Amino acid sequence: MSRTTAEYEPPAEPPGDPAPGEDHAFFGQPRGLLTLSGLEVWERFSFLGMQAILVLYFADSVANDGMGMDAGTAASVSAAYGTLVYLVSVAGGWLADRILGSYRAVLWGGILIACGHYSMAVPTATMTWVGLGLISAGTGLLKPNVASMVGKLYRTEDQRRDAGFALYYMAINVGAFAGPLITGWLGDHKGWHWGFSAAAIGMTFGLVQYVLGRRHLAGRKASAEFALPGDAMRRAVLMIVAGCAVVAALAALLAAVGWLTMDRFVDLLTLISVIAPVVYFAVMFRSPRVTGDERRRLRPYVVLFAASVVFNFILFQAYSTMMLLAASNAETSILGYHFPASWYASALGAFEVALAPVVAAVWARMGPRQPHASNKIAFGVILGGLSFLLMVLPTSGHADGTYKMAAWWIVGSYLLLGLGDILLETSGMSATTKLAPKAFASQTMALWFLSLALANGIQAQVVKVYGEVSNPAYFGVNGAIAVVAGIAVIALAPWLRRTMHPVR
């Protein structure tokens, strides 16, 4: 579930760096791929391992070392955290390009993430919020830049590139599978902060192997690829530091006088997540650097962007409302073995590891007969909607909320969701890199992250009604909207094929 596999045009490597294309030490791939994939395994282990128990920690009682939030608020705050992560990621790409360079951006991002998880291991509410802030900042630096470092391992014409990204993507899902298993067991048996400690140790392992393997990474000795001039860089750094200090001081002041409540902070993040893509698209449509043909191809991309928002609105709830539903209304034992509710989140990673090569093989076998990219995205959105509609069946017809559904309902929902994620991930990111105007090519990841931020921002508002309305109504309405959105994209297929041409 990376959403970072952007195509990348590697620059010339500075002396002392491994030359792209000359290394075949890791299953025929550059050895640096092992280093970066290993980092992603542990980053996803820590991030998704923590996220699988975060909403349960928020919703648990204070007596059980939880935060004592009601279900809707817990899901809303968890979604707001996701919104912040992806909004910061937009800035993270710029910082790497202009100031830090990819290697240092990823290194410092990983350090901040590890410090954030260690902070959350301290059993106080204050350290929880400090930890989430550090993780948001660190993930914003790390996530946009790891995939670009993978791209630097290959020459543009290197035929191993797609296979390398496939291995990288599989590593991500290995971490997504393993993380909730460890943190979930610790959270269930030892306490939530033990689970956060496991996430911290995992990120530390990732950082250690990243530093030890740095000699195999292309570009590790280079400064920022589009570095600002010296004076401009110093001004930018001072403005960033001063801006962060002012925002922190203002937030502390508003919180102290009682104006900046948690609800208002969530609402503010949602507002920013709506405004940011609107401004971004407006700038691209009006920019004189965008040609007429590029502007015409932006119109269909707006449709695909919206489809991504709808699907990810469903996907991200795998770690919020679905976790809450699993904890309260799903069986947590199979063949007599009890397991934590958070283990359901591991099913998503497992399905993506298993299904990704199957989907790739199907597309390869179909060749030119495979569906258009827009239809693949539409199928993914529909599958996401069906994953929610499936939950209407086991949650209907109960007099109260004490019922227990079989584990296979949740697992089946995650199967549909995982397959939909594969379809949308592989096609959506590719379409982003191909449809973005050349003048904005280096910012394609920012555009993709804005769709994820907006999905989380909308989720932060919608999930507030979870627990206030019936479960069949909640999952039924949201699932139906996603299915209708997917069908609408299919209906627009003739126009999308024509306006996206020559993108297939």
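None of the values given here were measured: they were computed from a predicted structure. (Residues numbered from 1 in each chain as written. Predicted model: local features only at pLDDT ≥ 70, side-chain atom pairs only at ≥ 80, totals over all residues. Heavy atoms only, no water.)

Draft legend 1. Structural view of the overall build of the chain. Looking only at helices and strands, one finds 17 helices and 2 strands in the chain. Taking the intrachain contacts of the chain between residues at least 6 apart in sequence as the baseline, contacts between residues at least 24 apart amount to 83%. For the chain, the computed accessible surface area is about 20700 Å², with 69% contributed by carbon and sulfur atoms. (Helix = DSSP H or I, 4+ residues; strand = E, 2+ residues; numbered from the N terminus. Contact = heavy atoms within 4.5 Å. Areas by Shrake-Rupley, 256 points an atom, 1.4 Å probe, with all protein chains shown as cover.)

Draft legend 2. Fine view of the confidence of the model for the chain. For the chain, per-residue confidence averages 84 on the pLDDT scale, and residues scoring 70 or more make up 89% of the total. Summarising per-element confidence for the chain, the mean pLDDT is lowest in strand S1 (residues 333-334) (80) and highest in helix H16 (residues 471-491) (95). Note on residues 2-15: pLDDT under 50 across the span, and 52 contacts to partners over four residues away in sequence or across chains. (pLDDT = per-residue confidence, 0-100.)

Draft legend 3. Local environment of the packing of helix H10 (residues 321-329) against H16. Across the interface, H10 lies against H16 with an axial gap of 13 Å and an inter-helix angle of 150 degrees. Here H16 runs roughly antiparallel to H10, going by the angle between their axes. Two packed elements cross with a definite hand, and for H10 against H16 that hand is left-handed. Contact with H10, carried on its side by Thr 321, Met 322, Leu 325 and Asn 329, involves Asn 471, Tyr 474 and Phe 475 of H16 and no other residues of that element. The residue makeup of the contact of H10 with H16, split by class, is 4 nonpolar, 3 polar and no charged. (Axes fitted to C-alpha atoms, helices over the stretch in contact; angles between N-to-C directions. Parallel < 35°, antiparallel > 145°, perpendicular 65-115°, else oblique. Left-handed = near helix turned anticlockwise from the far one by under 90°. Nonpolar A, V, L, I, M, F, W, Y, C, P; charged D, E, K, R; others polar.)

Draft legend 4. Main features of a nonpolar patch on the surface. A surface patch of nonpolar side chains, amounting to about 890 Å² of accessible area, comprises Trp 129, Met 262, Phe 265, Leu 268, Leu 271, Ile 272, Val 274, Ile 275, Val 278, Val 279 and Val 283. Among the elements that take part in the nonpolar patch, helix H8 (residues 262-286) stands out by supplying 10 residues, more than any other. Assignment of secondary structure puts Val 283 in helix H8. Val 283 sits in the partly exposed class, given a relative accessible area of 44%. (Patch = residues over 30% accessible without salt bridge, like charges linked within 9 Å, V, L, I, M, F, W, Y side chains within 5 Å. Salt bridge = Lys/Arg side-chain N within 4 Å of Asp/Glu carboxyl O. Buried < 20%, exposed > 50% of the residue type's maximum accessible area, 1.4 Å probe, protein only.)

Draft legend 5. Focus on H10. Among the 9 residues that make up H10, 7 are buried, leaving the element largely enclosed by the rest of the structure. Turning to H10, its buried residues number three or more, namely Thr 321, Met 322, Met 323, Leu 324, Leu 325, Ala 326 and Asn 329.

Draft legend 6. Up close: the packing of helix H9 (residues 292-315) against helix H12 (residues 373-389). At a closest axis distance of 9 Å, the pairing of H9 and H12 adopts a crossing angle of 25 degrees. Relative to H12, H9 is oriented roughly parallel. As H9 packs across H12, the resulting crossing turns out to be left-handed. From H9, Leu 304, Ala 307, Val 310, Phe 311 and Ile 314 reach across to H12, where they touch Ser 374, Ile 377, Gly 380, Val 381, Gly 384, Ser 387 and Phe 388. A class-by-class count of the residues in the contact of H9 with H12 yields 8 nonpolar, 4 polar and no charged.

Draft legend 7. Spatial organisation of the pattern of salt bridges. Per the counting criterion, the structure on display carries 6 salt bridges. One salt bridge in this structure joins Asp 267 and Lys 464, with 3.0 Å as the shortest N-O distance. Note that Asp 267 is positioned in helix H8 and Lys 464 in the loop between helix H15 (444-462) and H16, a separation of 197 residues in sequence. Owing to a relative accessible area of 33%, Asp 267 belongs among the partly exposed residues under this scheme. With relative accessibility at 28%, the residue Lys 464 sits in the partly exposed group. Between Arg 296 and Asp 293 there is a salt bridge, with the nearest N and O atoms lying 2.0 Å from each other.

Draft legend 8. Just the nonpolar core, in detail. Core analysis: the biggest nonpolar cluster contains 93 residues, and Met 50, Phe 58, Tyr 344, Ile 410 and Tyr 414 have the highest contact counts within it. Leaving out residues up to four positions away in the same chain, Phe 58 has contacts with Met 67, Gly 68, Met 69, Ala 74, Val 77, Ser 78, Thr 128, Trp 129 and Leu 132. Leu 107, Ala 114, Leu 153 and Leu 217 belong to the second-largest nonpolar core, a separate cluster that totals 22 residues. (Core = buried A, V, L, I, M, F, W, Y, C linked by side-chain atoms within 4.5 Å.)

Draft legend 9. Spatial organisation of the side chain of Thr 35. Summarising the element assignment, Thr 35 is placed in helix H1 (residues 31-59). Given a relative accessible area of 5%, Thr 35 falls into the buried group. Excluding residues that lie within four positions of it along the chain, Thr 35 makes contacts with Gln 209, Tyr 210, Gly 213 and Leu 217.

Draft legend 10. The environment of Leu 452, seen in detail. Tracing the sequence through the fold places Leu 452 in helix H15. The sequence separation of Leu 452 and Val 310 amounts to 142 residues, and the corresponding C-alpha distance is 9.6 Å.

Draft legend 11. Spatial organisation of unusual backbone geometry. For Asp 65, which is not glycine, the phi torsion reads 70 degrees and is therefore positive. Relative to the helices and strands, Asp 65 resides in the loop between H1 and helix H2 (71-100). Given the relative accessible area of 48%, Asp 65 is considered partly exposed.

Draft legend 12. Seen up close, the packing of aromatic side chains. Tallying each qualifying case throughout the model produces 19 aromatic pairs. With a centroid separation of 5.1 Å and 20 degrees between ring planes, the pair formed by Tyr 103 and Tyr 210 is classed as stacked. Within this pair, whereas Tyr 103 is found in helix H3 (residues 102-120), its partner Tyr 210 is found in helix H6 (residues 192-212), the two being separated by 107 residues in sequence. For the pair Tyr 103 and Tyr 210, one class covers both residues: buried. With 5.4 Å between their ring centres and 80 degrees between their planes, Tyr 466 and Tyr 474 make a pair best called edge-to-face. (Phe/Tyr/Trp six-rings, centres within 6.5 Å; stacked < 30°, edge-to-face > 60°.)

Draft legend 13. Inspection of helix H11 (residues 344-366) at higher detail. Over its 23 residues, H11 runs 33 Å from end to end, which matches the ideal 33 Å to within 8%, given 1.5 Å per residue. Of all the bends in H11, the largest measures some 35 degrees and sits at Leu 355, one to four residues before the proline Pro 357. Taken as a whole, H11 has its buried residues at Tyr 344, Ala 345, Ser 346, Ala 347, Leu 348, Gly 349, Glu 352, Leu 355, Ala 356, Val 359 and Trp 363. Positive backbone phi, approximately 55 degrees, marks Gly 367, located one or two places after H11. (Expected span 1.5 Å × (residues − 1). Bend = angle between axes of the 7 residues up to and from the residue.)

Draft legend 14. Up close: the environment of Met 405. Relative to the elements of secondary structure, Met 405 occurs in the loop between helix H13 (392-395) and helix H14 (407-435). Along the sequence, Met 405 and Thr 332 sit 73 residues apart, while their C-alpha atoms lie 9.5 Å from each other. Other than its neighbours up to four places away in sequence, Met 405 contacts Leu 325, Asn 329, Ala 330, Glu 331, Met 391, Pro 394, Thr 395 and Ile 410.

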